[in-house]
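# Results of the structural survey
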Amino acid sequence: MRVTQNPEAAWRVLEGHAFVVPHGGTGVVELDEVGTFIWQLIEAERTLDDLVHHVCDEFDVGPERARTDCVTFVEDLARRGLAAVRPDAP
């Protein structure tokens, strides 16, 4: 899985939380500390493995938990139109 921000989403980080507005301005999504960390990572396209590695290093969490949480978070971003997700190249 590869993921990147939707470049049409507007966002700003204030006091450690990202506030993201989907294209079309339909509400604001506030991300917590971990979500903000991942959001900033996916400003450039990243693999799921890369996200898991960075989350484990930054938040002292095991890889299984990090992978599950990253997948759930990324799928939520994609569902809201805030991120593009595509499969890894074969």
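Up top you'll find the structure we're talking about.
Below is a summary of the structure that appears in this document. In this text, all values refer to a predicted model and were calculated from it rather than measured experimentally.

### Here's the deal with the environment of Gly27
Locating Gly27 in the fold gives a position in the loop between β3 (17-21) and β4 (29-30). By relative accessible area, Gly27 is classed as partly exposed at 38%. Residues within four places of Gly27 in sequence aside, it is in contact with Val20, Val21 and Pro22.

### A look at helix α1 (residues 33-41)
Every buried residue of α1 is listed here: Gly35, Thr36, Phe37, Ile38, Trp39 and Leu41. Turning to α1, the residues buried within the fold contact β1 (2-5), β2 (10-14), β3, β5 (46-47), α2 (48-59) and α3 (63-79). Among the residues of α1, the N-terminal cap falls to Asp32, whose side-chain oxygen and the backbone nitrogen of Val34 are separated by 3.2 Å.

### Here we look at the pattern of salt bridges
Inspection of every chain in the model, using the stated rule, returns eight salt bridges. A salt bridge links Glu45 to Arg86; the nearest nitrogen and oxygen atoms lie 2.8 Å apart. Of this pair, Glu45 sits in the loop between α1 and β5 while Arg86 sits in strand β6 (residues 83-86), and the two are 41 residues apart along the sequence. A relative accessible area of 40% places Arg86 in the partly exposed class. As a salt-bridge pair, Asp76 and Arg79 come within 3.2 Å of each other at their nearest N and O atoms. Within this pair, Asp76 and its partner Arg79 are both found in helix α3, separated by three residues, close to a single helical turn. Relative accessible area serves as the criterion here: at 23%, Asp76 is assigned to the partly exposed category. Among the charged side chains, a network of salt bridges with common partners joins Arg2, Glu45, Arg86 and Asp88.

### Some thoughts on the packing of aromatic side chains
In this structure the tally under the stated criterion is two aromatic pairs. Between Trp11 and Trp39, the ring centres sit 6.0 Å apart and the planes meet at 85°, which makes this aromatic pair edge-to-face. Of this pair, Trp11 sits in strand β2 while Trp39 sits in helix α1, and the two are 28 residues apart along the sequence. For Trp11, a relative accessible area of 23% translates into the label partly exposed. Ring geometry for Phe37 against Phe59: centres 5.4 Å apart, planes inclined by 85°, an arrangement best described as edge-to-face.

Analysis parameters
Residues numbered from 1 in each chain as written. Predicted model: local features only at pLDDT ≥ 70, side-chain atom pairs only at ≥ 80, totals over all residues. Heavy atoms only, no water. Helix = DSSP H or I, 4+ residues; strand = E, 2+ residues; numbered from the N terminus. Buried < 20%, exposed > 50% of the residue type's maximum accessible area, 1.4 Å probe, protein only. Contact = heavy atoms within 4.5 Å. Polar contact = N/O pair within 3.5 Å; in protein donor to acceptor, adjacent residues only side chain to side chain. Salt bridge = Lys/Arg side-chain N within 4 Å of Asp/Glu carboxyl O. Phe/Tyr/Trp six-rings, centres within 6.5 Å; stacked < 30°, edge-to-face > 60°.

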